[in-house]
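# Secondary and tertiary structure notes
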Amino acid sequence: MAKLSKQEIVNSVPQKGFFGHPKGLFTLFFTEFWERFSYYGMRAILVFYMYYEVSKGGLGLDETTALSIMSIYGSLVYMSGIIGGWLADRIFGTQKAVFYGGILIMFGHIALAIPGNIAMFFISMVLIILGTGLLKPNVSSVVGDMYAETDDRRDSGFSIFVMGINAGAFISPLIVGSVMKTSFHLGFGIAAVGMFAGLVMFVLTKKKNLGLAGTQVANPLSPEEKKKVFTRIGIGIALIVILCAVLIPAGILTISVFIKLVGILGILIPTMYFVVMYRSSKTTDVERSRLLAYIPLFIAAVMFWSIQEQGSTILANYADKRTQLDFAGMHISPAWFQSLNPLFIIILAPVFAWLWVKLGKRQPTTPQKFSLALLFSGLSFLVILLPAYFGGTGGLVNPLWLVLSYLICVIGELLLSPVGLSATTKLAPAAFSAQTMSLWFLSNAAAQAVNAQIVKFYTPETEMAYFGVIGGASIALGIILLVISPKIQEYMKGVR
């Protein structure tokens, strides 16, 4: 298939039909809706499944270990986007990556739904990690393919897309959390059904709505390169299997050691990615300048996601152990708090989408939006330390404190997440389009790799210091980014 220009791909997509946006946004909106339904439904109960006693249907792991595993799992989910982005860029394109990823995720949730032991748990994690790596970055890249670089609807389109993500993420914890006490495995089964629905939606509507978006292989391998690559992949997998078979029984590769290794990789891999793309002969001088501008945005994203992603670890534990769950005559499942983040995004995302269109050229620049996001995320952690400040760490706190913390963080997320997705598609070197989107998700991987180390310091006794130090660091970094934002904008070479 002859390589098509960006404009030819854009022209192949029906440009009206979904709230004034390309019709393909409908397909991607609902595909991601169901994928996020499955992912966040499973994630809402996963940490409880790990540390609840076996008599309560859980695995009975140590609580601190469960929190670290949860962070490492989240890190690997986003880290695997490297593999998904590379396969899309070099072998089969983003549309096929989305489909194959959905299949792996569905089987991962099916494995979790089957009552088993900790070995079955880790098998399911591997399937979900690989599947999400294929689907998550590439579905966002297809969204970018539908818009011309100068199309002012792009940020608004990504805001609508993110709203679809969060609609699925809002509903699933309420449903899955409601059956948690009956059976964790029933909840995981519901998540599997959600992913199946997403696959059906994608297959039935992609041909009519997406046109050629996502069908192009950006930087295809030659037949000779394919042979070498597949040989190396086979050798690599064999070595990993052999090392695990030797090191795990010997007690060398423990969960603690693995957590530390992933922590190192979380920082090392994105650093290597920046170096490779910057030094590539396929990257132009303008694209190199844009990559330099992307570095402080990436660092800011790591700080933001470090706070936001603790909603499924520290704040989930806080909801379970420190929050009054019998409230207004009803019992609240701790998993339901996972619906707060997407609920607030559903309410506020249309406001932000309208705001960016309304402001047009007068809206804050991308670095300014990122700096504001850091200020809000830091404030969300300062808020949650107030109950301990006023009432100590011994009693249960009003759940409205958690609600307020999630709300403040969501305002920051809407300043960073859709804007970051959009900026990534605009700043990406042409030869590394899908892989640069993978790099964006590596900011989340790096954040959660860091979280796996720092969650060990959280206890009710250290609660105030924990939230205060992390929240204060976010605010300080936000102020620094705001000061240097004009310089970053220069390096972006015309991209706002």
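Residues numbered from 1 in each chain as written. Predicted model: local features only at pLDDT ≥ 70, side-chain atom pairs only at ≥ 80, totals over all residues. Heavy atoms only, no water.

### Remarks on the overall build of the protein
Just so we agree on the cut-off: Secondary structure counts use DSSP, requiring at least four H or I residues in a row for a helix and at least two E residues in a row for a strand, with both numbered from the N terminus. Radius of gyration means the value over C-alpha atoms here, while the globule rule gives 2.2 Å times the residue count to the 0.38 power. Relative accessibility thresholds used throughout: buried, under 20% of the residue-type maximum; exposed, over 50%; partly exposed, between the two (1.4 Å probe, protein chains only). We call two residues contacting when some pair of their heavy atoms lies within 4.5 Å. Each accessible area value is a Shrake-Rupley result obtained with a 1.4 Å probe; residue values ignore everything except the protein chains displayed when judging cover.
In terms of regular secondary structure, the protein is built from 17 helices and two strands. For 496 residues, the compact-globule estimate of 2.2 N^0.38 gives 23 Å, and the protein sits close to it at 22 Å. Its C-alpha atoms give the protein principal-axis dimensions of about 65 × 55 × 40 Å. For the protein, buried positions account for 56% of its 496 residues. Excluding contacts between residues fewer than 6 apart, the proportion of contacts in the protein whose partners are at least 24 apart in sequence is 84%. A total accessible area of about 20,200 Å² is found for the protein, and carbon and sulfur atoms account for 71% of it.

### Digging into the domain arrangement of the protein
Note the following rule: These domain limits were set by an automatic method or by a database of domain assignments.
Domain assignment breaks the protein into domain 1 (1-220), domain 2 (223-253) and domain 3 (265-495). On a C-alpha basis, the centroid separation for the pair domain 2 and domain 3 is 34 Å.

### Side note on the nonpolar core
As a reminder of what qualifies: Nine residue types can take part in a nonpolar core, namely buried Ala, Val, Leu, Ile, Met, Phe, Trp, Tyr and Cys, and a core is a set of them joined through side-chain atoms within 4.5 Å.
Of all hydrophobic cores here, the largest spans 126 residues; its most connected members are Leu46, Trp440 and Phe467. The biggest single contributor to this core is helix α2 (residues 24-51), with 14 residues. Mapping this core onto the domain boundaries places at least three of its residues in each of domain 1 (1-220) and domain 3 (265-495). Sequence-distant contacts of Trp440, that is, excluding residues within four places in its chain, are made with Tyr294, Ala301, Trp305, Phe370, Leu416, Ser417, Gly420, Leu421 and Thr424. Counting residues in hydrophobic clusters, the runner-up holds five residues, among them Leu87, Ala88, Phe92 and Leu134.

### A few points about the pattern of salt bridges
One side chain can pair with another of opposite charge once the charged atoms of both are near each other. Definition in use: Salt bridges are identified by distance alone: a Lys or Arg side-chain nitrogen within 4 Å of an Asp or Glu carboxyl oxygen.
Taken as a whole and judged by the stated rule, the model has six salt bridges. A salt bridge links Glu35 to Arg36; the shortest N-O distance between them is 2.6 Å. Of the two residues, Glu35 and Arg36, neither departs from the other in class, the shared state being buried. Between Arg43 and Glu309 there is a salt bridge; the shortest N-O distance is 2.7 Å. Linking Arg43 in helix α2 with Glu309 in the loop between α10 (285-308) and α11 (314-321), this pair joins segments that are 266 residues apart in sequence. Taking the relative accessible area as the measure of exposure, Arg43 reaches 9% and is therefore buried. Judged by its relative accessible area of 2%, Glu309 is buried.

### Some remarks on the confidence of the model for the protein
Low pLDDT marks stretches whose predicted atomic positions should not be read closely. Inclusion rule: As a per-residue measure, pLDDT reflects the predictor's confidence and takes values from 0 up to 100.
Of the residues in the protein, 92% reach a pLDDT of 70 or more, and the chain-wide mean stands at 84. Ranking the elements of the protein by mean pLDDT puts helix α1 (residues 6-12) last with 52 and helix α13 (residues 366-384) first with 94.

### So, the packing of aromatic side chains
As a reminder of what qualifies: When the centres of two rings from Phe, Tyr and Trp lie within 6.5 Å, Trp using its six-membered ring, the rings pair. Their planes under 30 degrees apart give stacked, over 60 give edge-to-face, and anything left gives tilted.
Overall, the coordinates contain 23 aromatic pairs when judged by the stated rule. Seen in terms of ring centroids, Tyr49 and Phe184 are 5.4 Å apart; in terms of plane orientation they differ by 55 degrees. Their pairing is tilted. Of this pair, Tyr49 sits in helix α2 while Phe184 sits in helix α7 (residues 184-210), and the two are 135 residues apart along the sequence. Its relative accessible area of 2% is what places Phe184 among the buried residues. Centre to centre, the rings of Phe121 and Phe122 are 5.1 Å apart; their planes meet at 65 degrees, and the pair counts as edge-to-face. Each residue in the set Phe48, Tyr49, Tyr51, Tyr52, Phe121, Phe122, Phe184 and Phe188 is aromatic and connected to the rest through ring pairs, giving one cluster.

### As for the environment of Ile259
Tracing the backbone shows Ile259 in helix α9 (residues 255-279). Residues Ile259 and Ile475, 216 residues apart in the sequence, show an inter-C-alpha distance of 28 Å. Residue contacts for Ile259: discarding those within four places in its chain leaves Ser68, Ile69, Ile72, Ala452 and Gln453.

### Here we look at the environment of Glu461
By the element assignment, Glu461 lies in the loop between α16 (433-454) and α17 (463-491). For the pair Glu461 and Arg288, spaced 173 residues apart in sequence, the C-alpha to C-alpha distance is 47 Å.

### Considerations on helix α5 (residues 118-145)
Convention followed: To estimate how far a helix should extend, the number of its residues minus one is multiplied by 1.5 Å. At every residue, the bend is computed as the angle between two fitted axes, covering the seven residues ending there and the seven beginning there respectively.
Here α5 spans 41 Å end to end across 28 residues, near enough to the 40 Å set by a 1.5 Å rise per residue. A maximum bend of about 30 degrees is found in α5 at Thr132.

### Structural notes on a nonpolar patch on the surface
Applied cut-off: Each patch groups residues whose relative accessible area exceeds 30% and which form no salt bridge, using 9 Å between like charges and 5 Å between nonpolar side chains of Val, Leu, Ile, Met, Phe, Trp and Tyr.
Together, Tyr278, Leu292, Ile295, Ile299 and Tyr491 line one region of the surface with nonpolar side chains, adding up to about 410 Å² of accessible area. A total of three residues in the nonpolar patch trace back to one element, the largest contributor, which is α10. Along the chain, Ile295 turns up in helix α10. Take Ile295: its relative accessible area is 33%, and that puts it in the partly exposed class.

### Observations regarding the packing of α2 against α11
To be explicit about the condition: Angles shown run from 0 to 180 degrees and are taken between the N-to-C directions of axes, each axis being a line fitted to C-alpha atoms and, for helices, limited to the stretch in contact. Angles are sorted into four bins: roughly parallel if under 35 degrees, roughly antiparallel if over 145, roughly perpendicular if 65 to 115, and oblique for all others. Put simply, a crossing is left-handed when the front helix is turned counterclockwise from the back one by less than a right angle, and right-handed when it is turned clockwise.
α11 packs onto α2 with a crossing angle of 65 degrees between their chain directions and a minimal axis gap of 10 Å. Relative to α11, the element α2 lies roughly perpendicular. In this structure, the crossing between α2 and α11 has a hand that is right-handed. Residue-level inspection shows Val47, Phe48 and Tyr51 of α2 in contact with α11, the latter providing Ala316, Asn317, Asp320 and Lys321.

### Looking at the packing of helix α3 (residues 63-79) against α9
In plain terms, the rule: By the convention adopted, Pro, Cys, Tyr, Trp, Phe, Met, Ile, Leu, Val and Ala count as nonpolar, Lys, Arg, Asp and Glu as charged, and the other residues, Gly among them, as polar.
For the pair α3 and α9, interaxial distance at closest approach is 10 Å and the crossing angle is 35 degrees. The two elements α3 and α9 meet at a crossing, and its hand is left-handed. Contact residues: Thr65, Ser68, Ile69, Ile72, Ser75, Leu76 and Met79 in α3; Ile255, Phe258, Ile259, Val262, Leu265, Gly266 and Ile269 in α9. Of the residues assigned to the contact of α3 with α9, the class counts are ten nonpolar, four polar and no charged.

### What about the environment of Lys426?
Mapped onto the elements of the fold, Lys426 is located in helix α15 (residues 400-427). Judged by its relative accessible area of 16%, Lys426 falls in the buried class. For the pair Lys426 and Gly102, spaced 324 residues apart in the sequence, the C-alpha separation amounts to 26 Å.

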